[in-house]
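Overview (structure and organization)
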Amino acid sequence: MSTQYWEEELETMSREKLQELQLQRLKKTINIAANAPYYKEVFNKHGITADSIQSLDDIRKVPFTTKSDMRAHYPFGLVAGDMSNDGVRIHSSSGTTGNPTVIVHSQHDLDSWANLVARCLYAVGIRKTDVFQNSSGYGMFTGGLGFQYGAERLGCLTVPAAAGNSKRQIKFINDFKTTALHAIPSYAIRLAEVFQEEGLDPKGTTLKTLVIGAEPHTDEQRRKIEKMLGVKAYNSFGMTEMNGPGVAFECQEQNGMHFWEDCYLVEIIDPETGEPVPEGEIGELVLTTLDREMMPLIRYRTRDLTRILPGKCPCGRTHIRIDRIKGRSDDMFIIKGVNIFPMQVEKILVQFPELGSNYLITLETVNNQDEMIVEVELSDLSTDNYIELEKIRKDITRQLKDEILVTPKVKLVKKGSLPQSEGKAVRVKDLRDNK
């Protein structure tokens, strides 16, 4: 395998050639997907075969695949390959509400993914001479192994530091002369603060490149991180269902994320109607894998809102660029890199007879860190004994942490003190600086 990750022929292919390659790969993907129990049923119902796809627009004959389809066919209903012979790794999203979404990879899929991540890192100027430190969680979460294999593929010296333990991260940065770091934006800011608390100048290190992603952030927040750490910070997009990191990435121009169209077919739709929106308009991102053999996904509704950026990128890459993610078309929110649905919070709260049904989740930025505050009304049955209430509050906090993997601040409030809404209850108030 080549260790040269400026894959010039693929990355600068003419649009016409790129679309020819996409069509050829789409037909192959449809053929493979037809072996999955879920897609076999969908294709039969809608009369879809590889032959019925004569142009890229024909993908619209295939119904969307959603997260709930994946959960309903958990764990392996969307697997098309031969798992006993070719399956080599399973990843899953955090089991948010009910079953997690599971992705099974073959060796081909892992090689393709590592290659894409290496391509991304190369695009932001990282080379095999760099020391790459990854502060992402390892395990079922894709940010750990995804960046690990990509950086190794590029030939970097890798430091799989994993998440947390800021003092140790800083020790590694200083001792191993780390030049490139992957971190979620809020953690990058936290790291800069710990440098200062330790009496160290974050700009005095060898760090020069930072890769950020996994939680929504503004360009102002990116500039703030760059200033605090003395680095160039590059935005990235990825999701477990599409492998993980390495789906779309900025280049050194920092003007939108190049979407690797040789491996993904991108649609932007109106979330209400499901119809395509005019180019340049904001809509929901819908993705089809084009180079996955074990478990291809077709027309997967990501719920992420973004737009395709017009014009060409000065870097010479011809693959479309998308804008930073603007938000969600459902009620999910992201805090500290974790995807959370209000329903998960509700599921825990309803188990406590002392609580009423009205609650409010507030997201705030406190000392540059995202905080999640859950206010919940007490019921008529509740006690006014402070010690008992404190015990309930701690119990709720513990159970919520187990469910959502983030520790919220829980406040118990009097019945009737939270705003009542006429229509759909407003459950989440996002007051974060990075909105």
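Coordinates for the structure precede this section.
Nothing here was measured: the structure is a model prediction, and the numbers come from that model.

1. Some remarks on the state of the cysteines
By definition, a disulfide is the covalent link that joins the sulfur atoms of two cysteine residues. Inspection of every chain in the model, using the stated rule, returns 0 disulfides. Between Cys-251, a free cysteine, and Cys-313, which holds the nearest cysteine sulfur, the sulfur-to-sulfur gap is 3.7 Å. A relative accessible area of 1% means that Cys-251 is categorised as buried. Of all cysteine sulfurs, the one in Cys-315 lies closest to Cys-313, which takes part in no disulfide; the gap is 3.5 Å.

2. Here we look at the packing of helix H8 (residues 166–175) against helix H9 (residues 185–197)
It is at 10 Å that the axes of H8 and H9 come closest, and there the two elements cross at 80°. One element, H8, and the other, H9, form an angle in the roughly perpendicular class. Within the contact between the two elements, H8 uses Ser-166, Lys-167, Gln-169, Ile-170, Ile-173 and Asn-174 and H9 uses Tyr-187, Leu-191, Val-194 and Phe-195.

3. Brief notes about the side chain of Glu-261
On the secondary structure map, Glu-261 appears in the loop between strand S9 (257–259) and strand S10 (264–269). Side chain to side chain, Glu-261 and Arg-15 meet in a polar contact 2.5 Å long. A distance of 2.8 Å separates a polar side-chain atom of Glu-261 from the backbone nitrogen of Ile-320. Other than its neighbours up to four places away in sequence, Glu-261 contacts Arg-15, Leu-18, Gln-22, Leu-290, Thr-318, His-319 and Ile-320.

4. Considerations on the layout of surface pockets
When its volume is computed, the second largest pocket comes out at roughly 740 Å³. Considering the residues around the second largest pocket, the lining is formed by 30 residues, among which Arg-15, Glu-261, Glu-279, Ile-308 and Ile-320 are closest to the centre. Those elements giving two or more residues to the lining of the second largest pocket turn out to be helix H2 (15–33) and S10. Here the residues of the lining of the second largest pocket sort into 13 nonpolar, 7 polar and 10 charged.

5. Looking at the pairing of strand S19 (residues 409–413)
Pairing between strand S18 (residues 369–378) and S19: 5 bridges, direction parallel. The residue of S19 that forms the bridge with Glu-377 is Val-413. Crossover S18 to S19 through helix H12 (residues 386–404) is right-handed.

6. Focus on the sheet that holds S10
Taken in spatial order, the 4 strands line up as S10-S11-S12-S14 in an open sheet, and their pairing is antiparallel. Each having just a single partner strand, S10 and strand S14 (327–328) make up the two edges of the open sheet. Pairing of strand S11 (residues 283–289) with strand S12 (residues 300–306) involves 4 bridges; the strand directions are antiparallel. Paired with Glu-284 across the two strands is Leu-305, which belongs to S12.

7. Digging into the sheet that holds strand S7 (residues 232–239)
Pairing within the open sheet is mixed, and its 8 strands lie in the order S4-S3-S5-S6-S7-S8-S9-S13. The open sheet has two edge strands with one neighbour each: strand S4 (157–159) and strand S13 (321–322). Bridge analysis of strand S3 (residues 131–134) against strand S5 (residues 180–182) gives 3 bridges, and the strand direction is parallel. Across the sheet, the residue bridging to Asn-134 is His-182, located in S5. Across the face of the sheet, helix H6 (residues 107–123) comes into contact with S3, strand S6 (209–212) and strand S8 (244–250) while running at roughly 30° to S8.

8. A word on empty space enclosed by the protein
In total, this model carries 3 cavities of 30 Å³ or more according to the counting rule given. Estimated volume of the largest cavity: approximately 60 Å³. If you go around the largest cavity, the residues you meet are Asp-109, Ser-112, Leu-116, Met-242, Asn-243, Cys-263, Tyr-264, Thr-289, Leu-290, Asp-291 and Arg-292. The element contributing the most residues to the lining of the largest cavity is H6, with 3 residues. Of the residues that constitute the lining of the largest cavity, the class distribution is 5 nonpolar, 3 polar and 3 charged. In this structure, the second largest cavity spans a volume of roughly 40 Å³.

9. A short note on the packing of aromatic side chains
What characterises a pair of aromatic rings is the spacing of the ring centres plus the angle enclosed by the ring planes. Overall, the coordinates contain 7 aromatic pairs when judged by the stated rule. Ring geometry for Tyr-39 and Phe-43: centres 5.6 Å apart, planes at 35°, overall tilted. Of this pair, Tyr-39 and Phe-43 both sit in helix H3 (residues 37–46), 4 residues apart, which is roughly one turn of that helix. The class of Tyr-39 is buried, set by a relative accessible area of 1%. A centroid spacing of 6.0 Å and a plane angle of 45° characterise the contact between Phe-237 and Phe-259, whose relative ring orientation is tilted. Taken together, the residues span a long stretch of sequence, with Phe-237 in strand S7 and Phe-259 in strand S9 at a distance of 22 residues. In this structure Phe-259 comes out as buried when scored by relative accessible area, which is 0%. An aromatic cluster is built from Tyr-38, Tyr-39 and Phe-43, whose rings are joined through pairwise contacts.

10. Focus on the environment of Thr-397
Its location among the elements puts Thr-397 in helix H12. Dropping the residues within four chain positions of it, Thr-397 is found in contact with Thr-407, Pro-408 and Val-410.

Calculation notes
Residues numbered from 1 in each chain as written. Predicted model: local features only at pLDDT ≥ 70, side-chain atom pairs only at ≥ 80, totals over all residues. Heavy atoms only, no water. Disulfide = S-S within 2.5 Å. Buried < 20%, exposed > 50% of the residue type's maximum accessible area, 1.4 Å probe, protein only. Axes fitted to C-alpha atoms, helices over the stretch in contact; angles between N-to-C directions. Helix = DSSP H or I, 4+ residues; strand = E, 2+ residues; numbered from the N terminus. Parallel < 35°, antiparallel > 145°, perpendicular 65-115°, else oblique. Contact = heavy atoms within 4.5 Å. Polar contact = N/O pair within 3.5 Å; in protein donor to acceptor, adjacent residues only side chain to side chain. 1 Å grid on protein atoms, 1.4 Å probe; cavity = no way out; pocket = protein on both sides within 12 Å on 5 of 7 lines; lining within 4 Å. Points joined across faces, edges and corners; volume = space filled by probe spheres on them. Nonpolar A, V, L, I, M, F, W, Y, C, P; charged D, E, K, R; others polar. Pairing = 2+ DSSP bridges. Right-handed = clockwise from strand over helix to strand, strands pointing away. Phe/Tyr/Trp six-rings, centres within 6.5 Å; stacked < 30°, edge-to-face > 60°.

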